[in-house]
Amino acid sequence: MSAPLIRLTDLPPGVARPRYDRAAHGMGILHLGLGAFHRAHQAVHTDDALAAEGGDWRILGANLRSREIPEALNAQDGLFTVLERSDSDRARVIGAHGPAIGGDAAAILRAACDPAIRILSLTVSEKAYGIDRAAMDADPAHPAVAADLAQPQAPQGVLGIIIAALAARREAGVAPFTVLSCDNLPDNGALLRAGVLGFARRRDPGLAGWIADHVAFPATMVDRITPATTERTLADAEALTGYRDLAAVETEPFSQWVIEDHFPQGRPVWEAGGALFVQDVRPHEAMKLRMLNGSHSLIAYAGQMLDLPHVRDAMADPSLVALVRRHMRAAGATLPRGAGLDPEAYAAALLARFANPAIAHQTRQIAMDGTEKLPQRWFAPAAEALQAGNDARPFAFATATWLAWLTTQQQAPDDPRGAALLELARKAGEDDAALVRSVLALPGLAPPSLVGDAGFTQAVRRTVSHIRRDGLRAAMATELAS
């Protein structure tokens, strides 16, 4: 039977391990959202930073709901394995994490009030924030926001905890932490700042003014393909390390982190792990959201319809690869010029990364939460393409694929608007024009200029009808022939 606790001294020689004395470094970061991506990305960069220059920058991790990963980490003194998949797998044990909190909002709030915490970072789902993106404000109809506005002293949600902690630090004369979103949200720093201020104004306008004047919300762009952990992940990690690590995560060799350099209370030297600090993250963010995430979503919905369970399977389909390449070109054409970007080189690198045979990234996983993801991945660039007089057909085809996929669902998809989407699809029946019109009209989903463009909506409708009548394969052939 494998030992329950990872011991650094017992790891095989080929396993990388922390290159610093963990006990010599205190906690300086509280991180909300201990999912696989954080463990494969920010935790690794922080491990590199600690090895390079040290400092009290270890991570106290927390999940608002789930206890599984916190319990696994606590059983291993915060250690966990990152399995890097390529031609030959490599294992690395990360030491940046300390204790973890699971499902205890009061304990998370206490940790956020600790003066030692100088950065509060987040990787939570888009729907967990409770922010109305269109209004750039807290969403008072969001269940967690509504509950925390009613009981601000006992918050359970993201915005409520951040604001309660900042209020307590202000009252105690403690400097505020920097709030660092590491999620795939457009202009994530400004968006989170708007949500926090919107919540704070409803609670205490004076507090909102103090936050506006004193709290930093740097923007970030994050990129590392991280599939969901499976039993195969755990077995392969155990084979390399000798330990059964329930917090193990698998990922690709590539990792990118672009960060707006605005940290009044200091930060780790994340650049030691390859992070890039810039004044304006937005061009890098747009390239990633539109080219990587946008083509990922196309692969996800097409893959689901073509019975291709993983991205690597989709990349073995020549017709789909051609359409993915076309989508990347169209997305790249919407990016700002003069920002030092190279869309062609980025597209080539993406195609190679997607095809990595060692990465089992599920199309089903990527297809989740479409209404939260597609506005910035497809609909904003589509509107910009039309405004610039460029071809928006690749975005119309992607939209039609998503809508055709929606009509195949027997139950509400995993999406915050899943029930509404299913109802709209059922009401539309065989009327594809009604389906396109009703779904794109959902508040905040697509820009009005796109919804009102007859050429775009008609192209979507024609392709939806083609897919439903003749199948996605036939529609793909038509696209490639046009």
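- An unreviewed UniProt entry lists the protein chain under the name Fructuronate reductase, from Paracoccus pantotrophus.

## Quick look at the overall build of the protein chain
Part 1 of the reasoning: From N to C terminus, the protein chain includes 21 helices and 13 strands.
Part 2 of the reasoning: In terms of overall dimensions, the protein chain is globule-like: its C-alpha atoms have a radius of gyration of 23 Å, near the 23 Å expected for 482 residues.
Part 3 of the reasoning: If one aligns the C-alpha atoms of the protein chain with their principal axes, the spans along those axes are about 65 × 55 × 45 Å.
Part 4 of the reasoning: The buried share among the 482 residues of the protein chain stands at 56%.
Part 5 of the reasoning: When the accessible surface of the protein chain is totalled, it reaches about 18900 Å², and 51% of it is carbon and sulfur.
Part 6 of the reasoning: Counting 47 positive and 54 negative side-chain charges, the protein chain places the centres of these two groups 2 Å from one another.

## Concerning the pairing of strand 5 (residues 97-102)
Part 1 of the reasoning: With five of six residues buried, strand 5 lies mostly within the body of the structure.
Part 2 of the reasoning: Judged from the four bridges that link them, strand 2 (residues 58-63) and strand 5 form a sheet pairing that is parallel. Paired with Asn63 across the bridge in strand 5 is Gly102.

## Let's talk about the sheet that holds strand 11 (residues 249-251)
Part 1 of the reasoning: With mixed pairing, three strands are arranged side by side in an open sheet as 4-3-11. The open sheet has two edge strands with one neighbour each: strand 4 (90-94) and strand 11. Strand-to-strand twist of the sheet, defined as the mean angle between neighbouring strand axes without regard to direction, takes the value 25°.
Part 2 of the reasoning: Pairing of strand 3 (residues 80-84) with strand 11, which is carried by three bridges, proceeds in the parallel orientation. Paired with Glu84 across the two strands is Thr251, which belongs to strand 11.
Part 3 of the reasoning: The strands that helix 9 (residues 231-241) touches are strand 3, strand 4 and strand 11; relative to strand 3, the one it contacts most, it runs at about 100°.

## Details of the sheet that holds strand 10 (residues 220-223)
Part 1 of the reasoning: The mixed open sheet is built from three strands, whose spatial order is 10-12-13. Two strands lie at the open edges of the sheet, namely strand 10 and strand 13 (276-278), each paired on one side alone. Neighbour to neighbour, the strand axes of the sheet diverge by 15° on average, direction disregarded.
Part 2 of the reasoning: Two elements, strand 12 (residues 256-260) and strand 13, share three bridges in a ladder whose sense is parallel. Directly across from Val258, in strand 13, lies its bridge partner Leu276.

## Considerations on the pattern of salt bridges
Part 1 of the reasoning: A complete count under the given rule lists 28 salt bridges for this structure.
Part 2 of the reasoning: For the salt bridge of Arg393 with Glu479, the shortest nitrogen-to-oxygen distance reads 3.0 Å. Of the two residues, Arg393 sits in helix 16 (residues 393-407) while Glu479 sits in helix 21 (residues 472-481), which places them 86 residues apart along the sequence.
Part 3 of the reasoning: Among the charged side chains, a salt-bridge network with shared partners connects Arg85, Asp89, Arg232, Asp236 and Glu250.

## Topic: the packing of aromatic side chains
Part 1 of the reasoning: Following the criterion strictly, the structure yields seven aromatic pairs and no others.
Part 2 of the reasoning: With 5.9 Å between their ring centres and 70° between their planes, Phe263 and Trp270 make a pair best called edge-to-face.
Part 3 of the reasoning: With a relative accessible area of 11%, Phe263 lands in the buried category.
Part 4 of the reasoning: Between Trp378 and Phe379 the ring centres are 6.4 Å apart and the planes differ by 80°, which places this aromatic pair in the edge-to-face class.
Part 5 of the reasoning: Residue class for Phe379 comes out buried when judged on its relative accessible area of 0%.
Part 6 of the reasoning: By way of ring pairs, the aromatic residues Tyr301, Trp378, Phe379, Trp402 and Trp405 are connected into one cluster.
Part 7 of the reasoning: In this arrangement the basic side chain of Arg118 is found over the ring face of Trp57, its NZ or CZ atom lying 3.8 Å from the centre.
Part 8 of the reasoning: A cation over a ring is seen here: Arg267 above Phe277, with NZ or CZ 3.6 Å from the ring centre.

## A closer look at the UniProt feature "domain: Mannitol dehydrogenase C-terminal" (unreviewed entry) in the protein chain
Part 1 of the reasoning: In this structure's numbering, the residues bearing the UniProt feature "domain: Mannitol dehydrogenase C-terminal" (unreviewed entry) are residues 280-430.
Part 2 of the reasoning: Taken end to end, residues 280-430 has its terminal C-alpha atoms 46 Å apart, with 68% of it in helix and 0% in strand.

## Comments concerning unusual backbone geometry
Part 1 of the reasoning: Although it is not a glycine, Met136 adopts a positive phi angle of roughly 50°.
Part 2 of the reasoning: Met136 sits in the partly exposed class, given a relative accessible area of 38%.
Part 3 of the reasoning: With phi around 50°, Asp187 is a residue other than glycine that occupies positive phi space.
Part 4 of the reasoning: Locating Asp187 in the fold gives a position in the loop between strand 9 (178-181) and helix 7 (188-203).

## Focus: the side chain of Asn293
Part 1 of the reasoning: Assignment of secondary structure puts Asn293 in helix 10 (residues 282-305).
Part 2 of the reasoning: Of the residues examined, Asn293 reaches a relative accessible area of 4% and is grouped as buried.
Part 3 of the reasoning: Ignoring sequence-local partners within four residues, the contact set of Asn293 consists of Asn184, Lys288 and Arg377.

## Topic: the layout of surface pockets
Take a probe with the size of a water molecule and roll it over the atoms, and the empty space left behind shows itself.
Part 1 of the reasoning: Looking at the second largest pocket, its volume works out to about 860 Å³.
Part 2 of the reasoning: In terms of lining, the second largest pocket is formed by 35 residues, of which the most central are Arg133, Ala134, Glu372, Pro375 and Gly444.
Part 3 of the reasoning: Looking at the lining of the second largest pocket, the elements that each hand over two or more residues are strand 7 (131-132), helix 10 and helix 15 (370-387).
Part 4 of the reasoning: The greatest single-element share of the lining of the second largest pocket, amounting to seven residues, is contributed by helix 15.
Part 5 of the reasoning: A breakdown of the residues in the lining of the second largest pocket according to their chemical character gives 18 nonpolar, six polar and eleven charged.

## Focus on the UniProt feature "domain: Mannitol dehydrogenase N-terminal" (unreviewed entry) in the protein chain
Part 1 of the reasoning: UniProt tags residues 27-271 as "domain: Mannitol dehydrogenase N-terminal" (unreviewed entry).
Part 2 of the reasoning: Between the first and last C-alpha atoms of residues 27-271 the distance is 19 Å; the span itself is 38% helix and 21% strand.

## A few points about the packing of helix 12 (residues 318-332) against helix 16
Part 1 of the reasoning: Put simply, helix 12 and helix 16 touch, their axes get as near as 9 Å, and they point 125° apart. Overall, the two elements helix 12 and helix 16 adopt an arrangement that is oblique. By crossing handedness, the relation of helix 12 to helix 16 is classed as left-handed. Along the contact surface, helix 12 presents Leu323, Arg326, His327, Ala330 and Ala331, while helix 16 presents Arg393, Pro394, Phe395, Phe397 and Ala398.

Reading guide: rules and limits
Position numbers for residues start from 1 in each chain and track the written sequence from start to end. Only residues with pLDDT of at least 70 are given local features in this predicted model, and only at 80 or more are side-chain atom pairs given and counted; all residues enter the totals for whole chains, interfaces and linings. To obtain the side-chain values, all non-hydrogen atoms of the structure were included, while hydrogens and water were left out. Helix and strand definitions follow DSSP, with helices as H or I runs of at least four residues and strands as E runs of at least two, each counted in order from the N terminus. Throughout, the radius of gyration refers to the C-alpha atoms, and the reference size of a globule is 2.2 Å times the residue count to the power 0.38. Each residue's exposure class comes from its accessible area (1.4 Å probe, protein chains only) as a fraction of the maximum for that residue type: buried when under 20%, exposed when over 50%, partly exposed otherwise. With residues, only the protein chains shown are counted as cover, and all accessible areas are computed by Shrake-Rupley using a 1.4 Å probe. Counted charges follow a simple rule, with Lys and Arg positive, Asp and Glu negative, and His plus the chain ends left uncounted. To locate a charge, take NZ of a lysine, CZ of an arginine, CG of an aspartate or CD of a glutamate. Paired strands, as defined in this entry, are two strands with at least two bridges between them according to DSSP. Fitted lines through C-alpha atoms serve as axes, helices being fitted only where they are in contact, and the angles separating the N-to-C directions of these axes extend from 0 to 180 degrees. In what follows, residue pairs with any heavy atoms lying within 4.5 Å of each other are defined as contacts. The salt bridge criterion pairs a side-chain nitrogen of Lys or Arg with a carboxyl oxygen of Asp or Glu, the two atoms within 4 Å. Only the six-membered ring of Trp is used, alongside the rings of Phe and Tyr, when aromatic pairs are assigned; centres must lie within 6.5 Å, and planes under 30 degrees apart are stacked while those over 60 apart are edge-to-face, with the rest tilted. A ring is considered to have a charge above it if a Lys NZ or an Arg CZ atom is located within 6 Å of its centre and within 35 degrees of its normal. UniProt positions are given in the numbering used here, feature names are shortened, and annotations may be inferred rather than shown by experiment. The method works on a 1 Å grid over the protein atoms by themselves. A cavity is a set of points holding a 1.4 Å probe that cannot get out, a pocket is an open set with protein on both sides within 12 Å along at least five of seven lines, and residues with an atom within 4 Å of a point line them. Grid points are joined across faces, edges and corners, and a volume is the space filled by probe spheres set on the points. Residue polarity follows a fixed list, in which Ala, Val, Leu, Ile, Met, Phe, Trp, Tyr, Cys and Pro are nonpolar, Asp, Glu, Lys and Arg are charged, and the others, Gly among them, are polar. Between 65 and 115 degrees an angle is taken as roughly perpendicular, under 35 as roughly parallel, over 145 as roughly antiparallel, and anywhere else as oblique. Handedness of each helix crossing follows the sense of rotation of the near helix against the far helix: counterclockwise by less than a right angle gives left-handed, clockwise gives right-handed.

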